[in-house]
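# Overview (structure and organization)
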Amino acid sequence: MTEQNKPFYEKFVKKNEAKIHHQKKKEIDEPLTKEKRSEKKNNREEFPVKIVKTKNTGKNIFKENDEDTKALLNSFDLIIKDALKLSSKQAASVPKDIRILFHELTNERGSRKVNYLNNPVKLTAYIYHYMWWNLVRISKLIGNLDFDLKDGDIIADFGCGPMTLMCAFWIAKPELRSKKLHWYCADISGKALAAGEALFNSLFAFTNQKAGIEQTSNWKLTKLNGSFGLPLKEKVNLFVSANMFNEIFWDSSIKIEGEAERAAKTIQHYIQENGAALIIEPGIPLAGEFVSALRKNFIEKKYKIISPCPHAGICPIPGKKMPEQKNIKYPIASDKWCHFSFYADDAPPKLVELSEAARLEKTRASLSFIYCRGEEKKEKQAESKKEKKDFLARISSEIIKLGDGQIGRYACSEKGFLLLTEKKGSRSKLKEYVDGSLIKIENEKINRFFHDRKTGALIIRVSAD
């Protein structure tokens, strides 16, 4: 694997995580010996188990972009050009500048200045590559989330950079464009804030021109030059952040649990009693660990987890090494982290060309996130009365090759960490699901003592019907 094709986080993850990734690849690539096939078979067939039916709820993590969203994403280079007013010489150097910035954000991270976006060249490179890819990623996510925002509602975006989230909401949630919303956008880089305002104004004008209308924006913007924790004049209805907290992951002296606890307290201070919070981070191991720890703190503070979690129990995919488990009734994955990926087949062609010119080809995009809301007592009472014949599970992996003609998918559920298995075939149910699919599983037919020895996951055999 060449340097440019390696995952960007490879040099910054814990050593044991890198070892696990290597071992996983080795297990998939190496043919199984007769002895290994027998061992795998015995691991998964020690107990009799019934074939369980599953049903896709249609509530996936990522949304297929509609034509309007695709058009805006595909034209974002024109929006950038209009906002930044680059000369032809500056535009020609963008691929080289992206490559330099990539090194500063990865293997030269220790020497990079915190306020690097105040450098105009780095800011331009960031907007053309990282911001554009983040818009692709985030638009697919928020397109499937319901924010229930009304006229007069307030949104706070900390670590906003060049206002990626504000632009993503405009692109992916057209139903919100007519709402009178007030955005507080905060960042330590004044130049990023100025560029972000210009980008949003250009995006707004481009949208109106495409629709053949002339009007002023219903969205009010207040720029704040400061960091997370900066006081606001009023409580907000929605707190959002994207790729802000990951700066703490690279300092091994900082405990993620403590940072997550402090972050949850600060976010709760910002939002109204029934307000919501959406935190998006890169789909890397330590980000997954942070999001899992953040989730724990929100649940303790009586927040309802709306997505991606299908339950409010202990996180079965906490993103860290777990001690040997004695209670197999609720299996927890060790060294696996919660993240969701999609293939970047429909990424804007010009963005793909730009990435290739910078030697940063991308075939998949991933993220870790949590979306929660202050819970009302009525909701809690209503849920407690329900009698369930089935339970929800969230698919959290691509297809896994298990040997003996079997395939599998990992999943998160109220029963703990799951391994769904099925005979490989043209009608395989597991092939229909994508990473992030929310499915229903028959509750009464599962065997709670049928576990995978390697991962500890509760094995559920899926019917192809």
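Rules and cut-offs
- Residues numbered from 1 in each chain as written.
- Predicted model: local features only at pLDDT ≥ 70, side-chain atom pairs only at ≥ 80, totals over all residues.
- Heavy atoms only, no water.
- Helix = DSSP H or I, 4+ residues; strand = E, 2+ residues; numbered from the N terminus.
- Buried < 20%, exposed > 50% of the residue type's maximum accessible area, 1.4 Å probe, protein only.
- Contact = heavy atoms within 4.5 Å.
- Phe/Tyr/Trp six-rings, centres within 6.5 Å; stacked < 30°, edge-to-face > 60°.
- Lys NZ or Arg CZ within 6 Å of the ring centre and 35° of its normal.
- Salt bridge = Lys/Arg side-chain N within 4 Å of Asp/Glu carboxyl O.
- Axes fitted to C-alpha atoms, helices over the stretch in contact; angles between N-to-C directions.
- Parallel < 35°, antiparallel > 145°, perpendicular 65-115°, else oblique.
- Left-handed = near helix turned anticlockwise from the far one by under 90°.
- Nonpolar A, V, L, I, M, F, W, Y, C, P; charged D, E, K, R; others polar.
- Expected span 1.5 Å × (residues − 1).
- Arc of directions from axis to C-beta.

### Comments concerning the environment of K63
Within the element layout of this structure, K63 appears in the loop between β1 (54-56) and α3 (67-74). A relative accessible area of 30% means that K63 is categorised as partly exposed. In this structure the C-alpha to C-alpha distance between K63 and G143, which are 80 residues apart in sequence, comes to 5.9 Å. The residues touching K63, leaving out its near neighbours within four places in the chain, are K140, G143 and N144.

### Description of the packing of aromatic side chains
Under the definition given, this model contains 22 aromatic pairs. Aromatic side chains W170 and F200 sit 5.5 Å apart centroid to centroid with 85° between the ring planes, which places their arrangement in the edge-to-face category. With W170 in helix α8 (residues 164-172) and F200 in helix α9 (residues 190-211), this residue pair connects regions lying 30 residues apart in the sequence. There is no split in this pair, since W170 and F200 are both buried. The interplanar angle of 10° and the centroid separation of 5.6 Å between the aromatic rings of F200 and W219 together place this pair among those described as stacked. Here F200, found in helix α9, pairs with W219, found in the loop between α9 and β4 (220-225); they are 19 residues apart in sequence, far enough to count as distant. Each of the two residues, F200 as well as W219, counts as buried. Put simply, the rings of F147, F169, W170, W183, F200, F204, W219 and Y371 touch in pairs and so form one group of aromatic residues. The side chain of R364 reaches across the aromatic face of Y343, ending 4.6 Å from its centre.

### Some remarks on the pattern of salt bridges
For the coordinates displayed, the defined rule picks out 14 salt bridges. Between K223 and E197 there is a salt bridge, and its shortest N-O distance comes to 2.6 Å. Here K223 is found in strand β4, whereas its partner E197 is found in helix α9, with 26 residues between them in sequence. Judged by its relative accessible area of 29%, E197 falls in the partly exposed class. Notably, a salt bridge pairs R364 with E398, separated by 3.6 Å at the nearest N-O pair. Of the two residues, R364 is situated in strand β9 (residues 364-374) and E398 in the loop between β10 (390-395) and β11 (400-403); the sequence distance between them amounts to 34 residues.

### Digging into the packing of helix α7 (residues 120-142) against helix α12 (residues 349-357)
Contact geometry of α7 with α12 gives a least axis separation of 11 Å together with a crossing angle of 140°. One way to sum up the angle between α7 and α12 is to call them oblique. Considering only the axes of α7 and α12, their crossing is left-handed. Listed contacts from α12 to Y128, H129, W132, W133 and V136 of α7 are K350, L351, L354 and S355. Grouping the constituent residues of the contact of α7 with α12 by class yields six nonpolar, two polar and one charged.

### Comments concerning unusual backbone geometry
Negative phi values dominate among residues other than glycine, just as trans dominates among peptide bonds. Cis geometry marks the peptide bond from S307 to P308; its omega dihedral reads 5°. Within the secondary structure, P308 sits in the loop between β7 (303-307) and β8 (340-343). For D148, which is not glycine, the phi torsion reads 50° and is therefore positive. Relative to the helices and strands, D148 resides in the loop between α7 and β2 (154-158).

### As for helix α10 (residues 256-270)
With 15 residues, α10 extends 21 Å from end C-alpha to end C-alpha; this agrees with the ideal 21 Å at 1.5 Å per step. Residues of α10 that are buried: I256, E259, A260, A263, A264, I267 and Y270. Around the axis of α10, the buried residues are gathered within 135° of arc, so they sit on the same side. Of the surrounding secondary structure, the elements contacted by the buried residues of α10 are β2, β5 (236-242), β6 (271-282) and α11 (285-300).

### Quick notes on the packing of helix α4 (residues 76-84) against α7
Between α4 and α7, the shortest axis-to-axis distance is 11 Å and the interhelical angle comes to 145°. Considering only the axes of α4 and α7, their crossing is right-handed. Counted together, F76, D77, I80, K81 and L84 of α4 and T124, I127, Y128, M131, W132 and L135 of α7 form the full contact between these two elements.

By themselves these figures say nothing about function.
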